[in-house]
Amino acid sequence: MAATDYNQRKYDLVVFGASGFTGALTCEYLAEIKDKDLSWAIAGRSLAKLEKVRDRLTELDSTLKDINILIADSSQPDSLDQVLSQTKVIISTVGPFTKYGTPLVEACIRQKTHYVDITGEYAWIKNIITSLDAKAKENNVMIVPTCGFDSVPSDLGVYMLSEYVHNKHNLDLATVKMSLTKVVGAVSGGTIQSGTEAMTDPSLNRQQQMDPYLLATRRGVDKASLPTIKRDYDFGNKWQSFFIMSVVNEKVVRRSWSIWADRGKSYGNLFSYKEHVSTSFLHAFLITSLLYTVLPIFGLLLKVPFLREKITKALPGSGDGPDAETRAKGCFDIEFVGTAESEPYEDPVRVRGIVKGFRDPGYGDTCRMVAESALCIIKNLNDLPGKEGGILTPSTAFGNVLLNRLRHNNGMVFEVNDI
């Protein structure tokens, strides 16, 4: 099916997977912002489930009682083409992306429809970079994975530090370390299912899994390393331990570093990046012990088909997740400490960045971040650094446009100052 005229499309935006846990909450966020200029629809496989989502949206905003429902299935490319030919942008919340993501991205490129999602599955991202990045660029289609809690705070946080150090001090960034200093949030069944899928993905060998530059277009100074624990005065002298999302966030940030360097706007040639979580010694010790004992055994069990089926069935399924009361209590604080590249005899230039969210990171602020990413394309396409297309990261796709949208009305905090 040939692509339709982009400017004549019926919808600005379609939420694909709208009846899933995160999909439905993303729809609620779009209802909450009450943008009367936005033309949008909901899509998925089950009419009955999508009708329930529409009923819920109508409670929030009575004008949404007529919101259009579109039926599409990742296993039926024609149904995807049918939906994508009608919209400028699609938000996908349909995981595991390893299973369901690629046909949708391929259809987006065919139909010249821009795409954002909430995945953290870096093996899948590597696969689509290898197979589809050139085609996306050729067709000027923006494909932007990781537009949720992984990895917008990390990626935009580092971008913000780099812009500040370049603009204020006329210097490059040398090192950035990040610590999650506070988090209140829960995990949904879909996230757990995606995590288990990622652990058993056969497309990457151990060396690739450990490669800091797996997603990058060039190599830098960071080396593969195993998790350790240590105290850090820069983060209140708290113990720094392994942060589970660092396995995707660090790779995404380094991809951004490499794409900005390709564009002639590098963070810095010596740029290096590490993430941790601030915690007590006991907690840090426990996390590290589990990483070296329980996790490898769990990974081996998942490789046995019979056991994998049993384990997957026993885990919470897609559609399960924290209730509204639990989500309302959610929040997170992230701190960055960056050191600029300076001459040995000069006083070091150091900066501290803060990123804060005021909702459940995975199911409140993730919905905000992915929706606002899509709105960047709809409202400001010509101002975006990534408008030429390709498999991009949040910072290389949206840059300051997304930073400003997320800061609007104190929805989130992104700030940076000299130390």
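Residues numbered from 1 in each chain as written. Predicted model: local features only at pLDDT ≥ 70, side-chain atom pairs only at ≥ 80, totals over all residues. Heavy atoms only, no water.

**Thoughts on the packing of helix H6 (residues 152-169) against helix H15 (residues 394-407)**
As a reminder of what qualifies: A fitted line through C-alpha atoms serves as each axis, taken over the contacting stretch for helices, and the angle formed by two N-to-C directions is quoted from 0 to 180°. Labels follow the DSSP assignment, with helices taken as runs of H or I lasting at least four residues and strands as runs of E lasting at least two, numbered in each case from the N terminus. For classification purposes, an angle smaller than 35 degrees is called roughly parallel, one larger than 145 roughly antiparallel, one from 65 to 115 roughly perpendicular, and anything else oblique. Note on contacts: a residue pair qualifies if any of its non-hydrogen atoms lie within 4.5 Å across the two residues.
Direction vectors running N to C along H6 and H15 enclose 90 degrees, while the axes themselves pass 10 Å from each other. Considered as vectors, H6 and H15 are oriented roughly perpendicular to each other. Facing Val152, Asp155, Leu156, Tyr159, Met160 and Glu163 of H6, the residues of H15 in contact are Pro394, Ser395, Gly399, Asn400, Leu402, Leu403, Leu406 and Arg407.

**Details of helix H9 (residues 246-262)**
What counts here: Multiplying 1.5 Å by the residue count of a helix minus one yields the expected span of that helix.
Given a rise of 1.5 Å per residue, 17 residues ought to cover 24 Å, and the 24 Å separating the end C-alpha atoms of H9 matches this to within 8%. Positive phi shows up at Gly264, right after H9, with a value of about 80 degrees.

**Topic: the sheet that holds strand E4 (residues 87-92)**
The condition that has to hold: A pair of strands is labelled paired if DSSP reports no fewer than 2 bridges between them.
Here we have 7 strands laid out as an open sheet, ordered E3-E2-E1-E4-E5-E6-E13, and parallel in their pairing. Where the open sheet ends on each side, the last strands, each with one partner, are strand E3 (69-71) and strand E13 (390-391). Taken together, the 4 bridges between E4 and strand E5 (residues 114-117) define a ladder with parallel strand orientation. Bridging across to E5, Ile91 finds its partner in Val116. On top of the sheet, helix H3 (residues 77-84) reaches strand E1 (11-16), strand E2 (40-44), E3 and E4; it is set at about 125 degrees to E4, its chief contact.

**Quick look at empty space enclosed by the protein**
Heads up, the rule is: For each structure, a 1 Å grid was placed over the protein atoms alone; sets of points admitting a 1.4 Å probe that cannot get out are labelled cavities, open sets with protein on both sides within 12 Å along at least five of seven lines are labelled pockets, and lining residues have an atom within 4 Å of a point. Grid points are joined across faces, edges and corners, and a volume is the space filled by probe spheres set on the points. In this classification, the charged set is Asp, Glu, Lys and Arg, the nonpolar set is Ala, Val, Leu, Ile, Met, Phe, Trp, Tyr, Cys and Pro, and all remaining amino acids, among them Gly, are polar.
Going through the model one piece at a time under the given rule, you end up with 1 cavity of 30 Å³ or more. Looking at the lining of the largest cavity, its residues break down into 6 nonpolar, 2 polar and 1 charged.

**Topic: the sheet that holds strand E7 (residues 173-184)**
On the basis of which strands lie adjacent, the open sheet formed by 7 strands has the order E8-E9-E10-E7-E11-E12-E14 and mixed pairing. Both edges of this open sheet fall to strand E8 (230-232) and strand E14 (412-418), since each of them pairs with a single strand only. Within the sheet, the average angular offset between the axes of one strand and its neighbour, ignoring direction, is 30 degrees. Here 6 bridges tie E7 to strand E10 (residues 272-279), and the two strands are oriented parallel to one another.

**Brief notes about the environment of Leu403**
For Leu403, the location among the structural elements is in helix H15. Separated by 362 residues in sequence, Leu403 and Ala41 have C-alpha atoms that sit 26 Å apart.

**Topic: the environment of Ser395**
Heads up, the rule is: For each residue, the accessible area found with a 1.4 Å probe, counting protein chains only, is set against the maximum for its type, and the residue is called buried under 20%, exposed over 50%, and partly exposed in between. Think of a polar contact as two N or O atoms within 3.5 Å of one another; within protein, one of them needs to be a possible hydrogen donor and the other a possible acceptor, and neighboring residues in sequence only count if both atoms come from side chains.
Following the sequence through the fold, Ser395 ends up in helix H15. The class of Ser395 is buried, set by a relative accessible area of 0%. With residues up to four places along the chain from it excluded, the contact list for Ser395 reads Asp155, Leu156, Tyr159, Ser256, Trp260, Tyr267 and Pro385. Here Trp260 takes part through its side chain, which lies 3.3 Å from a polar atom of the side chain of Ser395.

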